[in-house]
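Remarks on the overall topology
One letter stands for each residue in the lines below.
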Amino acid sequence: MTTTAALDIPVSQADPFALDVLENPLQLQEDLREAGPVVYLERYGVYAMGRYEQVHTALTDWQGFQSAAGVGLSNFRYENPWRPPSLLLEADPPHHDAPRLVLSRILGPRTLQKLRSSWLTDAEALVDQVLLRGTEFDAAADLAAAFPLRVFPDAVGLPDAGRENLLPYGDHTFNAFGPPNSLVQRGAGRIGELMDWINAQCARDVLTDDGFGAQIWAAADRGDITYEQAPLIVRSLLTAGVDTTVNGLAAVLFAFAAHPDQWQAVRKNPALARTAFDEAVRWESPVQTFFRTATQDIEIGCTVIPDGQKILMFLGAANRDPRRWENPDRFDLQRDPSGHVGFGMGIHQCVGQHVARLESEALLTALAARVDTIEITGPVHRHLNNTLRSWKSIPVEVTLS
Ligand code: OVM
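Everything in this summary refers to the structure shown in the same document. Just so we're clear, the structure is a prediction, and the values are computed from it rather than from any experiment.

1. So, the pairing of strand β3 (residues 46-49)
Burial of β3 is two-sided: the residues Val46 and Ala48 facing one way and the residues Tyr47 and Met49 facing the other way are all buried. Judged from the 3 bridges that link them, strand β2 (residues 39-41) and β3 form a sheet pairing that is antiparallel. Paired with leucine 41 across the bridge in β3 is valine 46. From the end of β2 to the start of β3, which pair antiparallel, there are 4 residues, and glycine 45 there has a positive phi angle of about 65°. As defined by bridge partners, β3 adjoins strand β9 (residues 310-314) across 3 bridges and the pair is classed as parallel. In the sheet register, tyrosine 47 faces β9, and the bridge partner there is isoleucine 311.

This is the structure in structure tokens:
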């Protein structure tokens with residue numbers, strides 16, 4: 001490569017992890033997309049991509065853009081990871097493949113069919129319980145957070161005690177993919193205690209004998225993975241399975257509250273509930289960003305990303321790239337959202353996406369059966385996180401059918 005080529009690139013002073021940017025990232029996303037296919041973020045010494053085409057290319061080129069050096073800002077080639085790396089998220093082939101295959105079977109659409117009717121019943125019970133207290137509630141806390149916490153830990157096979165640790169642990173882990181800013185410092189105090197609890201839940205004798213956790217241990221019995229790998233794969237469920245779905249559900253509920261005509265479309269045609277979740281994941285992208293690391297000098301456009309450099313991929317920006325999406329800022333159930341990169345793309349694409357879709361389908365179906373209109377009644381409060389697009393509260397009032 002030539003170093004002059006590497007300098008032929010737009011340089012930005014912007015901080016994507018500044019609190020005001022996390023509060024409203026849309027302007028920064030547009031600036032990045034408009035600046036060019038690749039931009040250098042001076043503040044962190046990393047490359048960034050905001051356009052769909054380049055993000056998609058990087059996600060599908062795992063040979064050129066590795067995950068094993070970490071998918072956060074920290075470069076595991078030079079820095080020690082803050083926790084033992086995930087065998088899925090922070091691994092490349094061939095090490096990645098056995099854990100991935102095992103988990104993809106456990107979380108696949110066929111296995112999940114067994115949970116479908118009980119999750120629909122759970123969703124009806126939750127919606128009934130919330131509406132019994134009144135028609136004004138917080139869609140973020142009372143539905144989006146409550147539903148995954150009601151069904152997912154049971155499906156994994158966790159004991160009841162300590163489940164309140166799941167969200168704070170996930171919040172810190174997703175913050176830790178970013179720089180060590182105030183959000184990370186705020187979570188650092190409790191992380192030792194939270195991590196101890198999480199790790200303890202990964203042991204075979206702590207888990208029920210019929211959940212996702214037990215199925216991971218059974219894969220070790222068969223020799224599909226080793227006994228050393230099993231607890232770390234359970235840890236991935238506990239890390240990636242709660243905050244992500246909570247914010248995905250919050251996104252779809254917020255989307256409907258903000259687009260009343262789209263809620264009426266679902267009421268008329270409940271089959272749209274499934275598209276709705278993917279359109280919400282495109283529109284709000286619960287996981288906004290992940291990094292990759294260049295495994296060699298990589299030519300992109302007219303620049304070269306040098307070997308070992310970090311690349312920040314803006315999934316949320318790609319999902320609103322007008323080069324790829326018509327009217328990208330509109331939540332629209334008439335569009336085909338497939339191809340969005342909100343679940344990633346390629347060999348690391350979200351292995352839990354069928355779980356997330358089933359949770360959403362259950363909750364929206366239960367809600368559509370009882371709720372005629374959804375209206376936002378007060379200011380919506382974001383919860384800031386270095387990686388997640390998240391909410392503290394979405395105050396709504398509904399009318400019943
Ligand atoms: C993991 C993990 C953690 C966070 C996110 C994620 C979105 C995976 O520990 O495997 O995927």
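2. Comments concerning the site of the ligand
Taken together, Arg83, Ser86, Leu89, Phe174, Phe177, Ser236, Thr239, Ala240 and Phe290 make up the full set of residues near the ligand. Here arginine 83 contributes a side-chain N or O atom positioned 3.1 Å from an oxygen atom of the ligand. Separating an oxygen atom of the ligand from a side-chain N or O atom of serine 86 is a distance of 2.6 Å. Among the elements that take part in the shell around the ligand, helix α11 (residues 229-240) stands out by supplying 3 residues, more than any other. Partitioning the shell around the ligand into residue classes produces 5 nonpolar, 3 polar and 1 charged.

3. Observations regarding the packing of helix α6 (residues 109-133) against helix α7 (residues 139-156)
Viewed as axis vectors pointing N to C, α6 and α7 meet at an angle of 145°, and their least axial separation amounts to 10 Å. Once α6 is placed against α7, the crossing between them reads as right-handed. Along the contact surface, α6 presents Leu115, Trp119, Asp122, Ala123, Ala125, Leu126, Val127, Gln129, Val130 and Arg133, while α7 presents Asp142, Leu143, Ala146, Phe147, Arg150, Val151 and Ala155. Across the contact of α6 with α7, the residue classes tally to 12 nonpolar, 1 polar and 4 charged.

Conventions we followed
Residues numbered from 1 in each chain as written. Predicted model: local features only at pLDDT ≥ 70, side-chain atom pairs only at ≥ 80, totals over all residues. Heavy atoms only, no water. Buried < 20%, exposed > 50% of the residue type's maximum accessible area, 1.4 Å probe, protein only. Helix = DSSP H or I, 4+ residues; strand = E, 2+ residues; numbered from the N terminus. Pairing = 2+ DSSP bridges. Near = heavy atom within 4 Å. Polar contact = N/O pair within 3.5 Å; in protein donor to acceptor, adjacent residues only side chain to side chain. Nonpolar A, V, L, I, M, F, W, Y, C, P; charged D, E, K, R; others polar. Axes fitted to C-alpha atoms, helices over the stretch in contact; angles between N-to-C directions. Left-handed = near helix turned anticlockwise from the far one by under 90°. Contact = heavy atoms within 4.5 Å.

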